[in-house]
Amino acid sequence: MQIPCPWCGPRNATEFRHHGPHAPRPDPATASAEEWRRYLYLRPNPYGPVEETWYHAAGCRRFVSVIRDTFTNATQWSEGGPR
């Protein structure tokens, strides 16, 4: 799978660390144990295009936002571009 890095060009996915879709963090002062469990352990597994964040660990060491189709693994830059 290739990830499009705006600074280094298309690179193999093994150079990146997957940070996944952004999930809002619960408020530590008011969150219940169930809210923390859902935040930490339960991740959605959608079918189709998903906006994700990847970290280019073996390259420029920057975060990249991409839209990845979970069915085909085809990737493209998200509208926001680099993060």
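Residues numbered from 1 in each chain as written. Predicted model: local features only at pLDDT ≥ 70, side-chain atom pairs only at ≥ 80, totals over all residues. Heavy atoms only, no water.

Student: Whenever I open this one, the overall build of the protein chain confuses me. Can you help?
Tutor: Looking only at helices and strands, one finds one helix and six strands in the protein chain. The order of α-helices and β-strands along the protein chain, N terminus first, is β-β-β-α-β-β-β. With the C-alpha coordinates aligned to their principal axes, the bounding extent of the protein chain is approximately 45 × 25 × 25 Å. Contacts in the protein chain between residues far apart in sequence, at least 24 positions, make up 45% of those at least 6 positions apart. Summing over all exposed atoms, the protein chain offers an accessible surface of approximately 5900 Å²; the carbon and sulfur share of this is 52%. Averaging the locations of the 10 positively and 8 negatively charged side chains of the protein chain gives two centres separated by 8 Å. (Helix = DSSP H or I, 4+ residues; strand = E, 2+ residues; numbered from the N terminus. Contact = heavy atoms within 4.5 Å. Areas by Shrake-Rupley, 256 points an atom, 1.4 Å probe, with all protein chains shown as cover. Lys, Arg positive; Asp, Glu negative; His and termini not counted. Charge placed at Lys NZ, Arg CZ, Asp CG, Glu CD.)

Student: What is the right way to look at the packing of aromatic side chains in this model?
Tutor: Per the stated rule, a full pass over the model turns up four aromatic pairs. For the ring pair F16 and W54, a centre distance of 6.4 Å and an interplane angle of 85° mean the geometry is edge-to-face. Note that F16 is positioned in the loop between β2 (9-12) and β3 (17-20) and W54 in strand β4 (residues 49-55), a separation of 38 residues in sequence. With a centroid separation of 5.8 Å and an interplanar angle of 80°, the aromatic rings of W36 and Y39 are classed as edge-to-face. Here Y39 and W36 lie together in helix α1 (residues 33-41), a separation of three residues that amounts to about one turn. For W36, a relative accessible area of 21% corresponds to the partly exposed category. (Phe/Tyr/Trp six-rings, centres within 6.5 Å; stacked < 30°, edge-to-face > 60°. Buried < 20%, exposed > 50% of the residue type's maximum accessible area, 1.4 Å probe, protein only.)

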